[in-house]
Every structure is written in structure tokens, then in C-alpha cells.
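# Observations on the three-dimensional arrangement
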Amino acid sequence: MAIIQTHPSSDELAHAAADHFATLAQEAIHDHGKFSVALAGGSTPRATYEILATIEYAQKINWERVHVFWGDERLVPPDHQDSNYRMASEAMLKVIPIPNENIHRIHGEAKPHDAAREYAETIRDFFNPHSTSIDLILLGMGDDGHTASIFPGTEAVFEDSLNVMAHYVEKLNSWRITFTPRLINAAQNVTFLVSGERKARRLRQVLVGPYQPEILPSQVVRPSQGRLRWLVDEAAALHL
Ligand code: 6PG
């Protein structure tokens, strides 16, 4: 069952998400000595990353024990304006004391299938082969109901053998690398961050409407063991 937390503004949502991140990091490091987190791309999480980069959070999070991944990436070099890695790097990673070897970026500059295969190997090698269970996967939701780079009408929605895949997204006229539902649903915690009135109708469809993941891919996120949370602001929750 999903937990839905509504916050008055996007700024309060960002602070709540930063606190959520810090709490899970402390719990994971206490439990098994490290915290693995897959970051979301897009624009919503940037404010959260900037808050996590402040001195206040430096005292809450032992960044030496944090390992950062990405739930999806565009097929662009790491310094490209569309790179999810670049966004997180500018907002947070360049500022915090995280060892370079703890930053596991998707090589968007490579050929699509090479990048996906390589990232699947990175994930496999990091986790023990029996349980590829990331401690926290942060996700956004597009106003078409997509999440990560799992878009409506694409094969990614029902991919159930790969953990990471490359696919050409007609709607965007571009390739994307993405975690698959299989990898997302194996996580210990999956948390959506959704902000803004433009997401409100879609958010209602996803949370309250019939299960139709082929057109609302965010619905495919149903962690088998882990906890699913939606951190949203009041504007996005308008129709809930
Ligand atoms: C991406 C993201 C994507 C994003 C949603 C929401 O690479 O773009 O992974 O899934 O989270 O599109 O984006 P906004 O936060 O910009 O609305």
C-alpha cells in the first residue's frame, strides 16, 4: 500500500524529501554500512538535491558511505544540459564530500545498448547477485504518467527480464537508458516526488484510477517487498 504525504508548497516538499533521504541514509548505513540511492532526473528533485548539499545535511549524512546511481539517463555526454548526471552534479555532487568512486553514472555518451549493458553490470557487481535491492530509488512522474524513462506505449513498461534497458522513445525522438520495473520493484524504498498543478489530473489517474500501466507507466511501480511513498505538494494533490 502506498504512503502519500502532501506538503503545502514545492519548497516544503523539497525539505521533506531531503529529510526522508537523510533518514533512510542513516538507517541503511546503521543496518549494512552503506546507503545505495538512485537519483531521479528532470527538474523536480533539483531543489531537494540542493538542500542535501547544504552544511546542515553534511552533519546528517555520512557521504563516504553513500553510493549514488541514476534511475535513468539521456543518451548525451555528462556535461550536456540534458544530462541527469549533470543536473545532480551541479546541484549536489560537486559540493558534498562523496568519493568519486561512489558516483556510478550511466555512460550516456556510449552507444545505447552498450551503456545499458554496462550499467546492468555495474548494478550487478555492486549488489550481491541474490538481491539487487537498492535502498532508495527516487522517481519523478511526467505529466503523461511516465516515470524514469518508462514511457506510455513503450516496451519498457512490461520488461521483466532485464534490470536496465536502452530503448528509443518515439515521443521524444531520442534514446533513453532506464531502470526497468523489475529493478525498481526490487528496491527497499521507492519514493516519488511530484510537484505542480500540471501533474494533478494525471496523479489522480495514477493513484485512484484503474490499473492501466501501458498508458500510465507510474502505476507499474509496486515494490514487491519495499515501501512505496509519494511525496507531493498541494498543487499536485489538487484532485486527490
Ligand atoms: C527524466 C526523468 C523523468 C522525470 C519526469 C518528471 O529523465 O526526465 O527521469 O522521469 O522524473 O519526466 O520530470 P519533472 O520533474 O521535470 O517534471
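Residues numbered from 1 in each chain as written. Predicted model: local features only at pLDDT ≥ 70, side-chain atom pairs only at ≥ 80, totals over all residues. Heavy atoms only, no water.

## Quick notes on the nonpolar core
Core analysis: the biggest nonpolar cluster contains 70 residues, and F21, F35, L39 and F179 have the highest contact counts within it. When residues of this core are assigned to their parent elements, the largest contribution, eight residues, is made by helix 1 (residues 10-32). When sequence neighbours within four positions are dropped, the list of residues in contact with F21 reads F35, V37, L39, L52, I61, W63, L136 and L138. (Core = buried A, V, L, I, M, F, W, Y, C linked by side-chain atoms within 4.5 Å. Buried < 20%, exposed > 50% of the residue type's maximum accessible area, 1.4 Å probe, protein only. Helix = DSSP H or I, 4+ residues; strand = E, 2+ residues; numbered from the N terminus. Contact = heavy atoms within 4.5 Å.)

## Digging into the pairing of strand 9 (residues 227-233)
With six of seven residues buried, strand 9 lies mostly within the body of the structure. Sheet topology note: the strand 1 (residues 3-7)/strand 9 ladder contains five bridges and is parallel. Looking across to strand 9, one finds that T6 is bridged to V232. Note: strand 8 (residues 189-194) against strand 9, six bridges, orientation parallel. Across the sheet, residue V194 finds its bridge partner in strand 9, namely V232. As a crossover connection, the stretch from strand 8 through helix 7 (residues 200-208) into strand 9 is right-handed. (Pairing = 2+ DSSP bridges. Right-handed = clockwise from strand over helix to strand, strands pointing away.)

## Let's talk about the environment of F127
Looking at the secondary structure, you find F127 in the loop between helix 5 (112-126) and strand 5 (136-139). Judged by relative accessible area, which is 9%, F127 ranks as buried. Sequence-wise, F127 and S36 are 91 residues apart; in three dimensions their C-alpha atoms are separated by 9.5 Å. For F127, the residues in contact, after removing those within four places along its chain, are S36, F69, T132, S133 and I134.

## A look at the packing of aromatic side chains
A complete count under the given rule lists nine aromatic pairs for this structure. A ring pair is formed by F69 and F126, whose centres lie 5.1 Å apart and whose planes are at 70°; its orientation type is edge-to-face. Of this pair, F69 sits in strand 3 (residues 66-70) while F126 sits in helix 5; the two residues are 57 residues apart in sequence, bridging distant segments of the chain. The exposure classification of F69 matches that of F126, with both residues buried. Ring centres 4.8 Å apart and planes at 75° place the aromatic pair F126 and F127 in the edge-to-face group. With respect to burial, F126 and F127 carry one shared label: buried. An aromatic cluster is built from F21, F35 and W63, whose rings are joined through pairwise contacts. A cation sits over an aromatic face here: K34 above F126, 4.6 Å from the ring centre. (Phe/Tyr/Trp six-rings, centres within 6.5 Å; stacked < 30°, edge-to-face > 60°. Lys NZ or Arg CZ within 6 Å of the ring centre and 35° of its normal.)

No statement about biological role is implied by the geometric values presented.
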